[in-house]
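So the chains spell out like this:
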Amino acid sequence: MSQDRTTPASVVSLEELSSWPEELCRRELPSVLPRLLISFAAAPIWIEHIQLLKVIVEMFLPHMNHLTLEKTFFSQVLPKTVKLFDDMIYELTSQARELSSQNLEIQSTLRNILQTMVQVLGALTGCVQHVCATQESIVLENIHSLPSSVLHVIKSTFVHCKNSESVYSGRLHLVSDLLQALFKEAYSLQKQLMELLDMVCMDPLVDENDDILNMVIVIHSLLDICLVISSIDSAFHANTWKFIIKQSLKHQSVIKNQLKHKDIITSLCEDILFSFHSCLQLAEQMTQSDTQDNADYRLFHKTLKLCRFFANSLLHYTKEFLTFLSDSCCTLHQLYLQIHSKLPPSLYATTISKAQQEEIAGAFLVTLDPLITQLLTFQPFIQVVLDSKLDLPCELQFPQCLLLVAIMDKLPSQPEDVQVLWCTESQLSEATARVSLLKAIFYSFEQCAGELSLPVRLQGVKSKGQAQVAVTLYQHVCVHLCTFIASAHPSLFPELDAALLNAVLSTKMITSLLAVDAWCFLARYGTAEICAHHVTIVAHLIKSCPGECYQLTNLSILLRRLFFFMGPPHQVEFIQKFSPKEAENLSLWQYISFQALSADLRKQTADEVTRTGTTQCREWLSSGRTLGELESLNTALSALLTVCNSAGEALDIGQQTEITEVGSQLWAFLNKQVTGQPYVQQTFSLLLPLLGFFIQTLDPQLISQVLTLQTSLLKLEPPDHTCLAVLDFVSSLGKLFIPQAIQDKILPNLSCIFALLLADRNWLLEQHTLEAFTLFAEGTNHEEIVPQCLSSEETKNKVVSFLEKTGLIDETDAARVERVKQERGIFLEPFVNTTEAARWSSLQPCAKRARHEPALEEEYRAAVQTAAGALEAIELLLQKSPAPDWLLMKMVVLQGKIQKLKRCSL
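Just so we're clear, the structure is a prediction, and the values are computed from it rather than from any experiment.

Reading the values: the criteria
- Residues numbered from 1 in each chain as written.
- Predicted model: local features only at pLDDT ≥ 70, side-chain atom pairs only at ≥ 80, totals over all residues.
- Heavy atoms only, no water.
- Helix = DSSP H or I, 4+ residues; strand = E, 2+ residues; numbered from the N terminus.
- Buried < 20%, exposed > 50% of the residue type's maximum accessible area, 1.4 Å probe, protein only.
- Contact = heavy atoms within 4.5 Å.
- Areas by Shrake-Rupley, 256 points an atom, 1.4 Å probe, with all protein chains shown as cover.
- Salt bridge = Lys/Arg side-chain N within 4 Å of Asp/Glu carboxyl O.
- 1 Å grid on protein atoms, 1.4 Å probe; cavity = no way out; pocket = protein on both sides within 12 Å on 5 of 7 lines; lining within 4 Å.
- Points joined across faces, edges and corners; volume = space filled by probe spheres on them.
- Nonpolar A, V, L, I, M, F, W, Y, C, P; charged D, E, K, R; others polar.
- Axes fitted to C-alpha atoms, helices over the stretch in contact; angles between N-to-C directions.
- Left-handed = near helix turned anticlockwise from the far one by under 90°.
- Core = buried A, V, L, I, M, F, W, Y, C linked by side-chain atoms within 4.5 Å.
- Parallel < 35°, antiparallel > 145°, perpendicular 65-115°, else oblique.
- Expected span 1.5 Å × (residues − 1).
- Polar contact = N/O pair within 3.5 Å; in protein donor to acceptor, adjacent residues only side chain to side chain.
- Patch = residues over 30% accessible without salt bridge, like charges linked within 9 Å, V, L, I, M, F, W, Y side chains within 5 Å.
- Phe/Tyr/Trp six-rings, centres within 6.5 Å; stacked < 30°, edge-to-face > 60°.
- pLDDT = per-residue confidence, 0-100.

Examining the overall build of the chain
Counting its regular elements, the chain contains 43 helices and 4 strands. Every one of the 906 residues in the chain was classed for burial, and the buried ones make up 48%. Residue pairs at least 24 apart in sequence account for 75% of intrachain contacts in the chain once pairs closer than 6 positions are excluded. Carbon together with sulfur atoms contributes 55% to the accessible area of the chain, which is approximately 44300 Å² in total.

Here it is in structure tokens:
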């Protein structure tokens, strides 16, 4: 000892210092440490740096005052150590490409660098262990350089190990042992550091100080490490996340305003999706494999547990920091959609077994439901989900629909103000417009054309005493929508009524039908007075429609169905309010089924509608028979047809005869107008089924005339509604015995009509034609014409397939799903109102033209001169050679256009 005291510390070698006893180190610390630090800063090579660092840590660190560690040691040594480590990483990366088993010099150099890096990590581990061992409660400010420096080195190590295959290419085996040692040392160092950080205490009464900022830096540094190790070690990755969440919650009161919550939520969601996709991948592999691999099954369960852990972490973090997550709502929304898009019954789901699907649902999906519950009251989340400009790809439309329905299910248990937030529209600005939940559900529902057409199956609602069965998407949405209607807060009724009406008026028929179903539930669930009130409103809406349009069609379906739910007293009131004795009310009675009325009311109302309808027809026949008044005639014919279809038994012989006579008189006038004037075809389409209803009493000569005209008309490719009316008439001939004397006139036309319609490529007409032909063939006494209707082998195969209920195309389930996905774009095309308007404009005569300015007169003259010149040219051609077969038909069409222009010019 006497020799130790006499030897100046300045001349003692590192080897000698390493052998000093503890007491000597403690006593000589004030004089030795400054010189060691100077030597450390000035050391020319890495090895010397490391040797000095190890001596300081192992021999003198235990004797330093823990309150002054930051100032006397960490702040002076650790920045230099970090730079040293970065330099070594750079050197490794730069020289690794020259590594080979033959180049021993490079191999030795790289291995020496790696060994030195391991020693650096060991020295840092010693620092961390010392702090943990000497302090029960740690103030982060007293050691703030240590966590940040250690985390930087750990991250650099993990990044290098993660990229080692690309850095060392095919020569990784030459250094793999040292890389493993390096990773293990970094792994151990991080565990030690997390133990240290767990001992940190922060004053919750202090709002701003360096401790808060340092802790925030630590948490986000650990978050960066999570991004690196996620694909290296799943257990270590999960433990790091667990620590991040724990520290965030532990120091929540002081760091909540400084944390980058969006980064944490985004990273957590990315890790959830990564684990989830890995889980699906394993499940898919097991499904496709014939043998059950226990190793794969264990890995699947391990990954599924990881999914659940991440989801629970997200749930916990979201609960505690919800008010800070405004800019994370889009990420959370997308997370829900992405997960459900990959699970059955989504069209874009991964193919997995039912058992694995249930395991994923039971272990993982159950955590998403409480997450949505937590977000339910958060207005930014409402804004994201109901954003009026939300533009989702096809694969996310179905999950969006499921999400909206799930939210709707939860609303009745929420306070009124929350329900109002979800169910009312809002537009603070053009960029932040929000639709109502109900409107969003109807819109999202109609985007799921593929899921509706397959249809996909979802888990049904459990009910007492009944087994739970799978239901279609339509049933799923309808049932949950009706449940919401039954439990919605009364203050939401105006929004509910408006949403249902808007959906009824939708351009998409499936959406309109859903709204009609929901409205019918409302009518049954509510009071009789509410039902009667709704029927009256719908009736007024129908009467206010300016003409034929899809909205009128939808409203008429709603009126027809609601009328069945009216009580007899309210039906009487309706009859009094909209008396069928008045011609203007036939526009309503044409849509009402008389089966909804009691026997007495049915008889009375059917008599009144018949009398009013036939009177209207006779008035039209006795008047100028202007085609501009066809609309009122069409309404009368439609009302008479409704009476025949739904209350035919209530008509006496006199009324039946009157309808037949009126129909025959109308036929005598209209049959000459149909081919030349397309707008008459709508009236013709109503007259045909009316005549077909009384087919047994019709004059055979009239039937022959009708069939002859139908044959000619079909060759002109009339509108679909005309073809359907033709089908209605010819199918009624199945049970009619045709007299021998007129068979030669009727049967050839009948077979020609069926042949033309069976060859039609329109799928809707094809289906109706097959049904009508089957009905005719089963009932007719003239079996000999059945083969004549099958004009080709293709038609025969089509009919046989229909009768045997077999498809023409053998399609697997997977192929069908792919086809539906490809067709989806067609279903999602926006409805073009102009097309619909153009379609109906051809059925109605033009109104009087507005008076044009004189400036257009010259243009009129030029157009007329051009038309006249064209007709003169045709006349000259006829003088030179015979007319082609098609010319007469074209001239008839032109004549129709001239007649139409004449009416418009009046």
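Quick notes on the pattern of salt bridges
Going through the model one piece at a time under the given rule, you end up with 15 salt bridges. Salt-bridge contacts for Arg618 lead to Glu661; the nearest nitrogen and oxygen are separated by 3.7 Å. One end of the pair, Arg618, is in helix H30 (residues 599–622); the other, Glu661, is in helix H32 (residues 653–670), and 43 residues separate them in sequence. Residue classification places Arg618 among the partly exposed positions, given a relative accessible area of 28%. The class of Glu661 is partly exposed, set by a relative accessible area of 41%. Across the salt bridge formed by Arg761 and Glu794, the nearest N and O atoms sit 2.7 Å from each other.

Examining the layout of surface pockets
For the second largest pocket, the calculated volume is near 1100 Å³. Around the second largest pocket, the lining comprises 32 residues; the ones closest to its centre are His340, Ala361, Leu365, Leu458 and Gln459. Elements represented by at least two residues in the lining of the second largest pocket include exactly helix H15 (329–341), helix H16 (354–363), helix H17 (368–375), helix H19 (394–410), strand E3 (457–459) and helix H23 (473–487). Residue composition of the lining of the second largest pocket, by class: 18 nonpolar, 8 polar and 6 charged.

Some remarks on the packing of helix H4 (residues 46–60) against helix H5 (residues 69–95)
With their axes 11 Å apart at the nearest point, H4 and H5 run at an angle of 145 degrees to one another. The two elements H4 and H5 meet at a crossing, and its hand is left-handed. Mapping the contact onto sequence places Trp46, His49, Ile50, Leu53, Ile56 and Val57 in H4 and Phe73, Val77, Lys80, Thr81, Leu84, Asp87, Met88 and Glu91 in H5.

Considerations on the nonpolar core
Counting 289 residues, the largest nonpolar core has Phe60, Phe73, Trp422 and Phe729 as its most contacted members. Of the residues forming this core, the biggest block, 14 residues, is contributed by helix H6 (residues 104–134). With near-sequence residues (within four places) excluded, Phe73 lies in contact with Leu37, Leu53, Ile56, Val57, Leu61, Met64, Thr68 and Cys127.

Overview of unusual backbone geometry
With an omega of 10 degrees, the peptide bond between Pro344 and Pro345 qualifies as cis. Residue position: Pro345 is located in the loop between H15 and H16. In this structure, the amide linkage connecting Leu454 to the following residue, Pro455, adopts the cis form with an omega of -5 degrees. Within the secondary structure layout, Pro455 lies in the loop between helix H22 (449–453) and E3. Positive phi outside glycine occurs at Ser169, with the angle close to 50 degrees.

Notes on the side chain of Ser145
Structurally, Ser145 can be placed in helix H7 (residues 145–162). With relative accessibility at 10%, the residue Ser145 sits in the buried group. Setting aside anything within four residues of it in sequence, one finds Ser145 in contact with Glu70, Phe74, Ser75 and Leu78.

Quick notes on the packing of helix H11 (residues 234–250) against helix H14 (residues 294–321)
A packed helix pair is summarised by two numbers, namely the angle formed by the two axes and the spacing between the axes. Two numbers describe how H11 lies on H14: the axes approach to 11 Å, and their chain directions differ by 15 degrees. Classified by the angle their axes make, H11 and H14 are roughly parallel. For the pair H11 and H14, the sense of crossing is left-handed. Seen from H11, the contacting residues are Ser234, His237, Ala238, Trp241, Lys242, Ile245, Ser248 and Leu249; seen from H14, they are Lys302, Leu306, Phe309, Phe310, Ser313, His316, Tyr317, Glu320 and Phe321.

What to know about helix H37 (residues 763–779)
With 17 residues, H37 ought to run about 24 Å at 1.5 Å a step, and its terminal C-alpha atoms sit 25 Å apart, in line with that. Residues of H37 that are buried include every one of Leu765, Thr769, Leu770, Ala772, Phe773, Thr774 and Phe776, and no others. If you follow the buried residues of H37, they end up packed against helix H35 (720–731), helix H36 (740–758), helix H38 (786–789) and helix H39 (793–803). Residue Asn762 occupies the N-cap position of H37, its side-chain oxygen lying 2.8 Å from the main-chain nitrogen of Leu764.

Quick notes on helix H31 (residues 630–647)
Compared with an ideal rise of 1.5 Å per residue, which puts 18 residues at 26 Å, H31 spans 25 Å between its outermost C-alpha atoms and is within 8% of the ideal. With 15 of its 18 residues buried, H31 lies for the most part within the structure.

Topic: a nonpolar patch on the surface
On the surface, a cluster of nonpolar side chains totalling about 230 Å² of accessible area is made up of Leu871, Met891 and Leu894. With respect to the element layout, Leu871 can be found in helix H42 (residues 857–880). Among the residues examined, Leu871 registers a relative accessible area of 44% and is labelled partly exposed.

Let's talk about the packing of aromatic side chains
To describe a pair of aromatic rings, you give the distance between the ring centres and the angle between the ring planes. Applying the stated criterion across every chain, the model contains 22 aromatic pairs. On the numbers, 5.4 Å between centres and 35 degrees between planes, the contact of Phe276 with Phe364 is tilted. Of this pair, Phe276 sits in helix H13 (residues 261–288) while Phe364 sits in the loop between H16 and H17; the two residues are 88 residues apart in sequence, bridging distant segments of the chain. Overall, Phe276 belongs to the buried group, its relative accessible area being 1%. Arranged with centres 6.0 Å apart and planes meeting at 25 degrees, the rings of Trp589 and Phe594 form a pair that is stacked. Accessibility expressed as a relative area gives 0% for Trp589, which makes it buried. Residue Phe594 is classed as buried on the basis of its relative accessible area of 0%. These aromatic residues form a ring-pair network of at least three members: Phe563, Phe574, Phe578, Trp589 and Phe594.

Focus on the environment of Lys354
The topology assignment puts Lys354 in helix H16. Considered as a pair, Lys354 and Pro344 are 10 residues apart in the sequence and their alpha carbons are 9.2 Å apart.

Some remarks on the side chain of Gln419
Mapped onto the fold, Gln419 is located in helix H20 (residues 416–423). Those residues in contact with Gln419, other than ones at most four positions away along the chain, are Leu411, Pro412, Gln414, Ala488, His489 and Leu492.

Description of the confidence of the model for the chain
Across the chain, pLDDT averages 86, with 90% of residues at or above 70. Mean pLDDT across the elements of the chain bottoms out in helix H41 (residues 833–841) (38) and peaks in H15 (97). Between residues 1–10, whose pLDDT stays under 50, and residues either more than four places distant or in other chains, the model counts 9 contacts.

As for the environment of Tyr336
For Tyr336, the location among the structural elements is in helix H15. Judged by relative accessible area, Tyr336 falls into the buried class, the value being 9%. Considering only alpha carbons, one finds Tyr336 and Pro399, 63 residues apart in sequence, at a separation of 7.7 Å. In this view, Tyr336 contacts Leu368, Ile372, Pro399, Leu402, Leu403 and Ala406; residues no more than four positions away in its chain are not counted.

Here's the deal with the environment of Glu23
Mapped onto the secondary structure, Glu23 falls in helix H3 (residues 22–42). Counting along the chain gives 40 residues from Glu23 to His63, while the straight-line C-alpha distance between them is 9.2 Å.

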